[in-house]
Amino acid sequence: MTAHCADLSVDLSAVRAVDLPAVGGKAANLGELLGAGFDVPGGFVVTTTAYRQAARGALSADEIRDIPPPPEVAAAITQAYAALGGGAVAVRSSATAEDLPGATFAGQQDTYLDVEGAEAVLTAVRDCWASLWSERAVAYRVRLGIDPADVAMGVVVQRMVPADTAGVMFTADPVTGARDRVVINASEGLGEAVVSGAVTPEQLVVTSDGRVVERSRGRGERSRSAIVLTDADAAALARTGRLIAAHFGSPQDVEWACHAGRFRIVQSRAMTALPPAPIRLNRFQRFAGPVLVELLPRRPYPMELTAWILPTLGRHVDEMLDGMAGVQVGLRDALPARDAIVQEFVPPSPHATRCTPVRLASTVRRGLRGAAQDWAGDPRLRLYRDGVAALDALDLPRLSWHELTAVPGRAARLVDLVTALRVAYLPAGFVALARLLAATRLTGSPELAHRLIGGAPTMTTAANRALADLARDAALIPTLGDPLAAGKYERVRAEARSQPEVLEWWGELERFLATYGHRETTSLLLVRDPCWRDSPDTVLGLVQALLPDAAALDTGPDLPAATPGRLPPKWIRRLADRAAAGVACREDTHFELTRTMPPVRRAIIEAGRRLAAAGDLADPEDVWLLTLDELRTLAPGAGGEATTNTPRAIAARRSAAYAELASTPLIATTTLYPHRAGSASALALGTPGGGGRATGRVRIVRSPDGFGTLRAGEVLVCATTNPSWTPLFQRAVGVVVDHGGIGSHAAIVAREYGIPAVLGTGNGTTALVDGQLVSVDGDLGEVTPAPWTPGQP
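Residues numbered from 1 in each chain as written. Predicted model: local features only at pLDDT ≥ 70, side-chain atom pairs only at ≥ 80, totals over all residues. Heavy atoms only, no water.

The eight strands lie next to each other as E16-E23-E22-E18-E19-E20-E21-E17, forming an open sheet whose pairing is mixed. With partners counted over all chains shown, the strands left at the sheet margins are strand E16 (684-685) and strand E17 (687-688), one partner each. As judged from the four bridges shared by strand E22 (residues 773-777) and strand E23 (residues 782-785), these two strands associate in the antiparallel manner. Within the sheet, the bridge partner assigned to Val 776 lies in E23 and is Val 783. (Pairing = 2+ DSSP bridges. Helix = DSSP H or I, 4+ residues; strand = E, 2+ residues; numbered from the N terminus.)

Counting 57 residues, the largest nonpolar core has Met 303, Phe 345, Leu 611, Val 623, Leu 626 and Leu 631 as its most contacted members. The biggest single contributor to this core is helix H11 (residues 302-325), with seven residues. Discounting residues that sit within four places of it in the chain, Leu 626 has contacts with Pro 302, Met 303, Thr 306, Leu 611, Leu 617, Leu 631, Leu 634, Pro 647, Ile 650, Ala 651 and Arg 654. Counting 46 residues, the second largest nonpolar core, distinct from the first, contains Leu 480, Leu 542, Val 737 and Ala 750. (Core = buried A, V, L, I, M, F, W, Y, C linked by side-chain atoms within 4.5 Å. Buried < 20%, exposed > 50% of the residue type's maximum accessible area, 1.4 Å probe, protein only. Contact = heavy atoms within 4.5 Å.)

On to the packing of aromatic side chains. In this structure the tally under the stated criterion is eight aromatic pairs. Aromatic side chains Tyr 301 and Tyr 658 sit 4.3 Å apart centroid to centroid with 10° between the ring planes, which places their arrangement in the stacked category. Placement of the pair is Tyr 301 in the loop between helix H10 (283-293) and H11 and Tyr 658 in helix H26 (residues 647-660), with a sequence separation of 357 residues. Relative to Trp 506, the ring of Tyr 489 has its centre 6.5 Å away and its plane inclined at 40°; by these criteria the two rings are tilted. Separated by 17 residues along the polypeptide, Tyr 489 in helix H20 (residues 489-498) and Trp 506 in helix H21 (residues 500-516) bring together distant segments of the chain. Put simply, the rings of Phe 512, Tyr 516, Trp 532 and Phe 591 pair up and form one aromatic cluster. (Phe/Tyr/Trp six-rings, centres within 6.5 Å; stacked < 30°, edge-to-face > 60°.)

This paragraph deals with the pattern of salt bridges. Inspection of the entire model under this criterion finds 36 salt bridges. Arg 693 is the salt-bridge partner of Asp 777, the closest N and O atoms lying 3.3 Å from each other. One end of the pair, Asp 777, is in strand E22; the other, Arg 693, is in strand E18 (residues 693-700), and 84 residues separate them in sequence. Taking the relative accessible area as the measure of exposure, Asp 777 reaches 8% and is therefore buried. (Salt bridge = Lys/Arg side-chain N within 4 Å of Asp/Glu carboxyl O.)

What follows concerns the pairing of strand E7 (residues 181-188). In terms of burial, E7 is a largely internal element, six of the eight residues being buried. Relative to E7, strand E6 (residues 165-170) is paired through six bridges, and the arrangement is antiparallel. Within the sheet, the bridge partner assigned to Phe 170 lies in E7 and is Val 183. Both E7 and strand E8 (residues 202-207) contribute to a ladder of six bridges, which runs antiparallel. By the bridge assignment, Arg 181 is partnered in E8 with Thr 207.

A few words on the sheet that holds strand E10 (residues 252-259). The six strands are arranged E9-E8-E7-E6-E10-E11 in an open sheet whose pairing can be described as antiparallel. Taken across any chain shown, the strands that pair with only one partner, and hence form the sheet edges, are strand E9 (212-216) and strand E11 (262-270). Here the average twist between neighbouring strands, direction ignored, is 20°. (Axes fitted to C-alpha atoms, helices over the stretch in contact; angles between N-to-C directions.)

Now for the environment of Gly 708. Structurally, the position occupied by Gly 708 is in the loop between E18 and strand E19 (715-718). Note on Gly 708: relative accessible area 15%, which makes it buried. Each residue touching Gly 708, except ones within four places of it in the same chain, is listed here: Gly 541, Gln 544 and Ala 545.

Written as C-alpha cells, this is what we have:
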C-alpha cells in the first residue's frame, strides 16, 4: 500500500487502486490513472484517517460541520495545499463506498469547484465529510445494504481546470450495451452543468474506428447552436476513453474537462446498469424472449440455477420440446454464468433434429385422437402428488446431510412425471385451440376465441374465486380492517384468538393456503422466493386489494350465451370446451409443477441453517450463493482451512460479484424491444396487447408486497406478472408491463378480462409515476398523458 492509514494527506500521484480503504473510490481511480500516464490534474488526498480523527464518531452532517478539524488534520491539509501551489482547486468527495462496481454513488456526496484559499479549502473538506451523512447519501446506502460502520470519507483536492468545454464520456453505449460505441456528452463551461442536468449537452456517438456517427445539438444556458466538439476532438477523446476502459478492464463512466485544447480526466468509474452487449435475435427468439424474460424479474442465485432451474425446469423444457417436436433447446446456454453467477439472458433458439418430423407427426396424431381433460385421470398424476406429499412430510432437521441435499434431485425426478403428462395431453389442447381459431375466423370474429376460452375453469380461476370469497367475508368483519390494512398474517392470527368471527375467517384463510399455498410469489424459476404458504402476507395483500369492492367482484369472464356467424353455436361451443380443456391442462400442470418448489426451498434453507450454525457460512441466506454440487460435497463443520474455496469465502466472493451486477439488466431492452414508432406525446411504447383504450391513474406495483396498494380504476404498471398477480386484473382498467409479449401471462389475462394491455415497454416502471393520469391504448401499444375531466378521480 502506498497511502498508509497513518497519513492524513497523500499526494495523488502516489495513490493506487489498492489504497481504496485509505483514500476512497474516486481518489483510488484517479491515482491509478495518474500513475498509468493519463492526463489527470495533480493534487492530494485527505485520507480516511483524517476523516475519522476529525469526525470523532459523528453520524450527522450538522455534527460534522460544527466540529473544527483537529490541529494536526488542519495542518496536513494546509501544508498539502501550499505544496500544490495554492490557487483555485476542485474539492471532491471520495467515500470508501463510492465509484465502485455496482455502486457509483453518483451525486450522493458533494463536490466544490473553484475553491481558493486555505480556509476555504478546509471548509470545503469539512463539507465533503458532512455530505457522507446527508439524507440522500444515507438513503442510498440503506438501499444498497451498506453498513454505516463500513464507510469513511477521503477527499480529493486537485488543481482546478478552467474548462472551456467539459462533460461525460461512456466507453460503452449505456442504452444498448454496445461496447464498440463511445457516447460523449459535451457542453461549454464546467462539467457540473452536464452531470447535474442543468443543460442538455451535445451528444456524440463515436465508433471503434473513430467515426462520429451520431450528433445531437445541446440546449441550455451555455450551449449555443454551434458544435461544442469537433469530430477530431471527439475521436481523440474516445481513444482516451477506450484506453482507460482497457486499463481498468471494464467499461467506464469518465468525466473530462478541456482548456486551451488540452483534455484532462477528472474522474473515472465503472459503468453501472450497463446492459449486456446487444445480440441479433432470430424470429423465434424475438417472440419467445419477452415471454421468458417475464420469468426473470431478477438475476437467479447460484443455488437457484444449479438446484432448480437447470436440473428441474431446464430438463422439463428440454424433454417436453424433444418429446413433442424433436427439437433441442438448453437453458444453460440461455443463462450463461461465470463462477455460477448468471451474466445475461440469451433467448433460446430451438434446433431441429433428425427426429423432428417423426415427433411432430406423432404429436399431431395424439392431438387429433386425444382429449386434453383426460390428464387429470392419468395415474401418473396421483403418483406425482403422492411423491410431493412425501417430500412435504420430511422432517428436515432430522435428515442426514446426504438425505437433505438429495431433496432437489427427488423433486426433479417427480417433475419428470408432469413432463410426461404434458407431452401426452397438451397436443390435444393445441389442436382444439387451432380448430377454434379457424372456426371463429370463419365467423368474421377472430377475437371471439379469446372470449370463449377466457372463462376456462382452472386452478388459477378457482384461486381467484376463493380470494374473492375471502374478501367478501372479510368486508363483513370490522375488526379485520386494521390487520388487513397492515397486511400482517400474525396480527390476523392474534385477532382470531379472541374474536370468534375472525377465527372463522382465519380458518377459511388456512384452508385457502392449504389448497393454493404452494403457488409462487414471483416466478416459477426463482425458488428462493417464498410461496404463498411461506409468505401469507402476500395473500393478505391480495385480499386487501380486493376488499373495497368485495361485494361487486367479478371472478372472471363468462362464456357468451350465443355466438354470431355461419357455424352452429353448439358446434362452436363444443370447440370452445375442448380448447378450454387444453388451456386448463396447460395452466393446471403449471400449478402442479409449483408443488415441488416449497420442499426444495425448505431443504436449501435447512442446509444454510446448519452451515451457519457450524460456522461455515456467515449467514444462513449465504447458502443461495453456493451451488448444489458444492453443497453435496460439504458437511457442516468440515469447511476446512481458511482458503478461497471454503463455503464462507465462496459466498463472499460471489456476493460481491452478484452485487456488482445488481443494477445491470439481464438483457438490453433495445435487444428485446427494437425502436417502435408512436405518437409524439407517448410516455411509453410497447407491443399491443389489445383491449381497446382506457384511462386511469398510474399505480406502480414493484412486488407482491405492493398488491394492497392498487385501487379500483387504476392502471397497473409493473415489471412482470405471474399467476399470483391475476386477481389484480379484476381491479385495474389497464395494464402496462416492462417485459412480456403477446403470449405472456399479462397479455393472456388482460385479454380474458377485456382490459387494454401494453407489453414489453422496457421502461414503464421508470417512465411513469404513481398518480399520473394516463390513457392506455392496447390496440396501438402506447401510453399517453390524459387530460383531467370532471368526474375523474
